[in-house]
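Summary of the model geometry
Okay, here's what each chain looks like letter by letter:
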Amino acid sequence: MLDPKFIRSNPDVVMTGLSNRGAEIAPVENFLSVDEEWRKLTTRLDQLKARRNDASVKIAGLKQKKEDASVILSEMKGLSDEIKSLEDEQKNFEHQIEEIMLSIPNIPHVSVPNGKNCRDNLQVRMWGEKRKFDFTPLPHDELGKKLDILDFDRAAKISGSRFVVYKGLGAALERALISFMLDLHIKENGYTEVMTPAMVLPESMRGTGQLPKFEEELFRCRDDELYLIPTAEVPVTNLHREEILPKESLPIKYAAWTPCFRREAGSYGKDVKGIIRQHQFNKVELVKFVEPEKSYDELEKLTADAELVLKKLNLPYRVMQLCAGDLGFSAAKTYDIEVWFPSENQYREISSCSNFESFQARRAGIRYRPAKDAKPEFVHTLNGSGLAVGRCFAAILENYQTKEGKLEIPEVLRRYL
RNA sequence: GGAAGGGUGGCCGAGUGGCUUAAGGCGCUCGCUUGGAAAGCGUGUGUACCGAAAGGUACCGUGGGUUCAAAUCCCACCCCUUCCGCCA
């Protein structure tokens, strides 16, 4: 959610930012007019209430002295009715404003390049050497089947399409990756591990921006008001919903492994082979709560923390900066990390690291006190995959396969297997 | 699932519809005191919104209702605790 005061005083900045990312500007105009009405009404209503409060004191005084209060009483009856009907109107405006505000995406940071879609993203850097194969590398799913460590058929039998069963060494490798990533972030990068529920209330989804706009992306329980999380970003960011954090506690850095659940509505026919796009997958997520002035430095560090996983695994990757048109709803700036898939001869996203500035914090009410006696301010939140485990598994299969159709285990993972 | 009891400022905890501007305590702030501290005394101590300001308004789990007036009365819902039942 954007700052209403900022929209009021800088409508042109907001509209430019939104157009740059290809979003509608109508909601902003809509907000400005409803907000105007709301303020007029609120001022009037507050005055009427002030009168009512005065009268209340007088009535109490008269009753105390056993004097007649019927005149002022009947006056107040009318006033009270007026207040009630104006309050209904006010509530109506407030609901409208809330709905509008929740539908407006974040505006891109000044450093974000313009562009329409992923083709306009900028390569920031590249790391690692692509291995020269003296044979044709197999796609990860074929190798996985051959090694009997991935079972797509039985997964389809028990759960339908876009699921996979990890078997034997496959299950162990997935588990090893999770442990390796968590250990790295906890011991070397200074994050605190948390293990959270994978089901959350609608308020939590609203806090991070998945609701109300992207409900079709989520799995929802039929009989309970609960959603399966599409990313650990949701429960972890919401850990501090409606809190005022002590300044000394910042930056707060969490690392969490969770399963993630996505309906993938609208991506029929996309990445149907392999484990790239599943309804359920494992992810180690990094989440930070930081002071506003430091959030862009923290974004660079966060991205570096995620990159370190790939460096240690010796997997070639590149870092892309998303253009305005490719930014997610809540993000102000995002780096995607893409890992090399030799069988496809292309890089594929394995991590997305974003600064949300105060967008999520405002929705979720996450604040801190900049100084003693100062008013609370919204923190900046950031998160990034560190990394998507399934995609990392696939990248290892592809990059570490041998001519004989076997798999070499990356050095850093051996102690976990 | 059944029964009972509860949700009030950072915490504890009062609160017969109107001198409630939410008592009192703890904690914390600043000051007095002191060689320094403790104790003691005093002072301050929530959040949000509107407003240039003065000031005003709202908030006692949530949402409705009654009333001139609700933390207080009524209704519904949510959550927590304890006990019973069932179950890993």
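The following refers to the structure shown.

Conventions adopted
Residues numbered from 1 in each chain as written. Chains lettered and ligands numbered in written order. Predicted model: local features only at pLDDT ≥ 70, side-chain atom pairs only at ≥ 80, totals over all residues. Heavy atoms only, no water. Helix = DSSP H or I, 4+ residues; strand = E, 2+ residues; numbered from the N terminus. Buried < 20%, exposed > 50% of the residue type's maximum accessible area, 1.4 Å probe, protein only. Contact = heavy atoms within 4.5 Å. Patch = residues over 30% accessible without salt bridge, like charges linked within 9 Å, V, L, I, M, F, W, Y side chains within 5 Å. Areas by Shrake-Rupley, 256 points an atom, 1.4 Å probe, with all protein chains shown as cover. Salt bridge = Lys/Arg side-chain N within 4 Å of Asp/Glu carboxyl O. Lys, Arg positive; Asp, Glu negative; His and termini not counted. Charge placed at Lys NZ, Arg CZ, Asp CG, Glu CD. Pairing = 2+ DSSP bridges. Polar contact = N/O pair within 3.5 Å; in protein donor to acceptor, adjacent residues only side chain to side chain. Phe/Tyr/Trp six-rings, centres within 6.5 Å; stacked < 30°, edge-to-face > 60°. Lys NZ or Arg CZ within 6 Å of the ring centre and 35° of its normal.

Attention now goes to the overall build of chain A. For chain A, the helix and strand inventory stands at 12 helices and 15 strands. Projected onto its principal axes, the C-alpha positions of chain A cover 100 × 45 × 45 Å. With 417 residues in all, chain A has 49% of them scored as buried. Contacts in chain A between residues at least 24 apart in sequence constitute 75% of all its contacts with a sequence separation of at least 6.

With that out of the way, let us pick up a negative patch on the surface. Residues Glu203, Asp223, Asp224 and Glu225 make up a contiguous surface patch of negative charge. Secondary-structure assignment places Asp223 in the loop between helix 8 (202–208) and strand 6 (227–228). A relative accessible area of 69% places Asp223 in the exposed class.

For sheets, the rule is that strands pair by backbone hydrogen bonds, running either parallel or antiparallel. Spatial ordering of the open sheet is given by 7-13-14, a layout of three strands whose pairing is mixed. The strands lining the two open edges of the sheet, one partner per strand, are strand 7 (243–245) and strand 14 (377–378). In the sheet, strand 13 (residues 366–368) pairs with strand 14 via two bridges, with the strands oriented antiparallel. Bridging across to strand 14, Arg367 finds its partner in Phe378.

A few words now on the pattern of salt bridges. The full count for this structure, using the stated rule, is 25 salt bridges. Arg362 is the partner of Asp3 in a salt bridge, and the nearest nitrogen-oxygen pair spans 3.8 Å. You can see Asp3 sitting in the segment before helix 1 (4–9) and its partner Arg362 sitting in helix 11 (residues 359–364), a full 359 residues away along the chain. Relative accessible area serves as the criterion here: at 28%, Asp3 is assigned to the partly exposed category. Among the residues examined, Arg362 registers a relative accessible area of 15% and is labelled buried. In the salt-bridge network here, residues are joined through shared partners; they are Glu264, Asp271, Arg277, Glu344 and Arg348.

The next thing to look at is the side chain of Lys283. With respect to the helices, strands and loops of the structure, Lys283 is situated in strand 9 (residues 280–290). Of the residues examined, Lys283 reaches a relative accessible area of 5% and is grouped as buried. Within the local environment of Lys283, its side chain forms a polar contact with the side chain of Thr231, the two groups lying 2.8 Å apart. Looking at Lys283, its side chain comes within polar contact range of the side chain of Glu285, at 2.6 Å.

This next bit is on the side chain of Asp141. The residue Asp141 is located in helix 5 (residues 140–146) in this model. Given the relative accessible area of 5%, Asp141 is considered buried. Setting aside anything within four residues of it in sequence, one finds Asp141 in contact with Phe152, Lys273 and Gly274.

Another point: the packing of aromatic side chains. Using the criterion set out here, one finds eight aromatic pairs in the structure. Measuring from ring centre to ring centre gives 6.3 Å for Phe180 and Tyr416, while their planes differ by 70 degrees; the resulting arrangement is edge-to-face. Here Phe180 is found in helix 7 (residues 169–188), whereas its partner Tyr416 is found in the segment after helix 12 (389–399), with 236 residues between them in sequence. Residue Phe180 is classed as buried on the basis of its relative accessible area of 5%. With centroids separated by 5.0 Å and ring planes inclined at 65 degrees, the aromatic side chains of Trp340 and Tyr347 adopt a geometry described as edge-to-face. Look at Tyr347 and you get buried, because its relative accessible area is 11%. Of note, Lys130 hangs over the ring of Trp340, and the distance from its end group to the ring centre comes to 4.2 Å. When the ring centre of Tyr191 is taken as origin, the NZ or CZ atom of Lys253, which lies over that ring, is 4.7 Å away.

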